[in-house]
Amino acid sequence: MNQTVRFIDFWEGFIPESEKEILFSRIIQKFQLVLTEEGIPDVIIFSIFGEKHKDPCFKHSRKIFYSGESPLNPRTPSFDWLIANNAVVLSMTKNNHPNFYRLPNIVRANWHGTNGIYDLERASLMMPNHTKHAIFIARNSKAPERIKFAKKFMERMPLDCPGAVLNNMKIPGDQRMKNNHLIASEYKFFLAYENESVPGYCTEKIWWAFLGRSMPIYWGDPEIYDDFYQGSFINRQDFSSDKECLDYVEYLSNDDDEYLKILNNPKVKNHSLFSLSEPIAFLNKFLN
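Reading the values: rules and limits
- Residues numbered from 1 in each chain as written.
- Predicted model: local features only at pLDDT ≥ 70, side-chain atom pairs only at ≥ 80, totals over all residues.
- Heavy atoms only, no water.
- Core = buried A, V, L, I, M, F, W, Y, C linked by side-chain atoms within 4.5 Å.
- Buried < 20%, exposed > 50% of the residue type's maximum accessible area, 1.4 Å probe, protein only.
- Helix = DSSP H or I, 4+ residues; strand = E, 2+ residues; numbered from the N terminus.
- Contact = heavy atoms within 4.5 Å.
- 1 Å grid on protein atoms, 1.4 Å probe; cavity = no way out; pocket = protein on both sides within 12 Å on 5 of 7 lines; lining within 4 Å.
- Points joined across faces, edges and corners; volume = space filled by probe spheres on them.
- Nonpolar A, V, L, I, M, F, W, Y, C, P; charged D, E, K, R; others polar.

Caption draft 1: Representation of the nonpolar core in the model. Counting 54 residues, the largest nonpolar core has Ile27, Ile206, Trp207, Phe228, Phe274 and Leu283 as its most contacted members. When residues of this core are assigned to their parent elements, the largest contribution, six residues, is made by helix 6 (residues 205-212). For Ile206, the contacting residues outside a window of four places in its chain are Ala192, Pro216, Tyr218, Phe228 and Phe233. By size, the runner-up hydrophobic cluster in this structure holds 27 residues, among which are Ala150, Phe189, Tyr193 and Val249.

Structure follows, in structure tokens:
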């Protein structure tokens, strides 16, 4: 007998069965879930944009929590609440509890061109034909670490900022949030700074650079080398200061051989983490 499912407390415009929602549409198909928008379903899948999931009417519904936000986001349900309600968790949180699955947000959907993660590693290539120096794309103005670094970068080297933060240019056709990996491909360097530094919290930004064959300048997850090889990108956290990091960027700007060596180094250390089949297998014991 098919199970019914309701998606609750997601952001406006969320369509779980759409082609963009790679993971959720696969979950619906794999487990033959029947979508409903009312009543008490067998399963609720909920996020952080509301508290409807706490309604007592869902007491006996199986619960799956999803978040692509920082584990420190204050709207995230507490660990105690999740465990007390036997919720299954798909998020970037690193937690050894059997109900938790660490899910990078780019596995869930196509984040402006990140579908290419499934065909990332390639043979060594010649120097890309970058026509521009560096780019910074951000819309969250409440991330002081990356804004500080971007401003220091702009004092020393050209930096295009087509996003809402530090905006200094427009991309023709207003494409700044579409196919960002193609935008990255025009640039030698890509500022891939997270909103904050939290273990496991690594979003789509570094992937836009990798897929566009631009050099990521990364800051964020302090355990990033669990997932990616050291020496395949610039990690700000490897340097003692912004100045030291920017000195290294300038050095790579003028040494094509060293730049290309880093660009062609193996990137993904933990391939299973970015697999669609792994979260499906994890959910199998809860939905079958």
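Caption draft 2: Layout of the environment of Lys205. Take Lys205: it is sitting in helix 6. Between the C-alpha atom of Lys205 and that of Ala138, which follows or precedes it by 67 residues, the distance is 9.5 Å. Setting aside its immediate chain neighbours within four residues, Lys205 contacts Arg146, Phe190, Ala192, Tyr193 and Glu194.

Caption draft 3: How the structure looks around empty space enclosed by the protein. Under the definition given, this model contains one cavity of 30 Å³ or more. Its volume calculated, the largest cavity comes out at about 50 Å³. Together, Met92, Arg102, Leu103, Pro104, Gly200, Cys202, Trp207, Asp227, Phe228 and Phe274 line the largest cavity. Split into classes, the residues belonging to the lining of the largest cavity amount to seven nonpolar, one polar and two charged.

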